[in-house]
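Coordinates in review
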Amino acid sequence: MHITDEQRNAFGDWLRQKIGRYACPLCQSNRWSIADELLILHPDEALNEPASPTPAMVQVACENCARVELFDVRRISAWPSPVQDASHTLLM
């Protein structure tokens, strides 16, 4: 699923509020990019978890060494509904 500008902005605001400046644990860079697509995780057996929402993850990658961090959007209270998108760089 494509991440929208509104979702990217809500996520960036949430991430800065919760973490602030975050140095990559591998290379110590502070430059991160938000992926253009949400990762939708489907349980192995959907019938075993009918009441739980499908996890959607925002992928953030270090622009220096490519380390990836994943964040579950179900934990972000200000997460907006889908709309259309554009840019993708987040500086933390």
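Counting starts from 1 at the beginning of each chain's written sequence and moves along it residue by residue. Side-chain atom pairs in this predicted model are given and counted only at pLDDT of 80 or more, local residue features only at pLDDT of at least 70, and totals for whole chains, interfaces and linings cover all residues. To get the side-chain values, all heavy atoms of the structure are used, and hydrogens and water are removed first.

1. Section: the confidence of the model for the protein
Keep this limit in mind: The quantity called pLDDT is the predictor's confidence in a given residue, expressed from 0 to 100. The contact criterion used is simple: two residues touch if any of their non-hydrogen atoms lie within 4.5 Å.
Per-chain confidence: the protein averages 81 in pLDDT, with 75% of residues scoring 70 or above. Contacts for the low-pLDDT stretch residues 83-92, under 50 throughout, to residues beyond four places or in other chains number 40 contacts.

2. As for the nonpolar core
Note the threshold: In this description, a nonpolar core means a group of buried Ala, Val, Leu, Ile, Met, Phe, Trp, Tyr and Cys residues linked to one another through side-chain atoms lying within 4.5 Å. Accessibility here uses a 1.4 Å probe with only protein chains present; expressed as a share of the type maximum, an area under 20% marks a residue as buried, one over 50% as exposed, and anything in between as partly exposed. In DSSP terms, a helix is any run of H or I states spanning at least four residues, a strand is any run of E spanning at least two, and both are numbered starting from the N terminus.
Ranked by internal contacts, the top residues of the largest apolar core, which has 16 residues, are Phe-11, Val-58, Val-60 and Trp-79. Contributions of two or more residues to this core are made by helix H1 (5-18), strand E1 (31-34) and strand E3 (56-62). If one sorts the elements of this core by residue count, E3 sits on top with 4 residues. Apart from residues no more than four positions distant in its own chain, Trp-79 is found in contact with Ile-3, Gln-7, Phe-11, Leu-38, Val-58 and Val-73.

3. Side note on a nonpolar patch on the surface
Put simply, the test is: Only residues whose relative accessible area exceeds 30% and that take part in no salt bridge are eligible for patches, with like-charged residues grouped when within 9 Å of each other and nonpolar side chains (Val, Leu, Ile, Met, Phe, Trp, Tyr) grouped when within 5 Å. Under the convention used here, a 1.4 Å probe and the Shrake-Rupley method define accessible areas, while residue burial counts only the protein chains that appear. Put simply, a salt bridge is a Lys or Arg side-chain nitrogen that is within 4 Å of an Asp or Glu carboxyl oxygen.
Where nonpolar side chains cluster on the molecular surface, the patch consists of Leu-39, Leu-41, Val-68 and Leu-70 and spans about 310 Å² of accessible area. Tracing the sequence through the fold places Leu-70 in strand E4 (residues 68-72).

4. Description of the pattern of salt bridges
Any two side chains of opposite charge can pair, on the condition that their charged atoms come close. Enumeration according to the criterion identifies 5 salt bridges in this entry. A salt bridge links Asp-36 to Arg-8; the nearest nitrogen and oxygen atoms lie 3.2 Å apart. On the criterion of sequence distance, the pair formed by Asp-36 in the loop between E1 and strand E2 (39-40) and Arg-8 in helix H1 is long-range, its members being 28 residues apart. The class of Asp-36 is partly exposed, set by a relative accessible area of 34%. Here Arg-8 falls in the buried class, since its relative accessible area comes to 5%.

5. Observations regarding the pairing of E4
Two faces, one strand: in a regular strand the side chains alternate between the faces of the sheet. The criterion, for reference: Strands were regarded as paired on the criterion that DSSP finds at least two bridges between them.
With 5 bridges joining them, E3 and E4 adopt antiparallel strand pairing. Of the residues in E4, the one forming a bridge with Val-60 is Glu-69. Between the end of E3 and the start of E4, which pair antiparallel, lie 5 residues, with Ala-66 showing a positive phi angle near 75°.

6. Overview of unusual backbone geometry
Here the phi dihedral of Gln-28 falls at roughly 70°; this positive angle occurs in a residue that is not glycine. For Gln-28, a relative accessible area of 52% translates into the label exposed.

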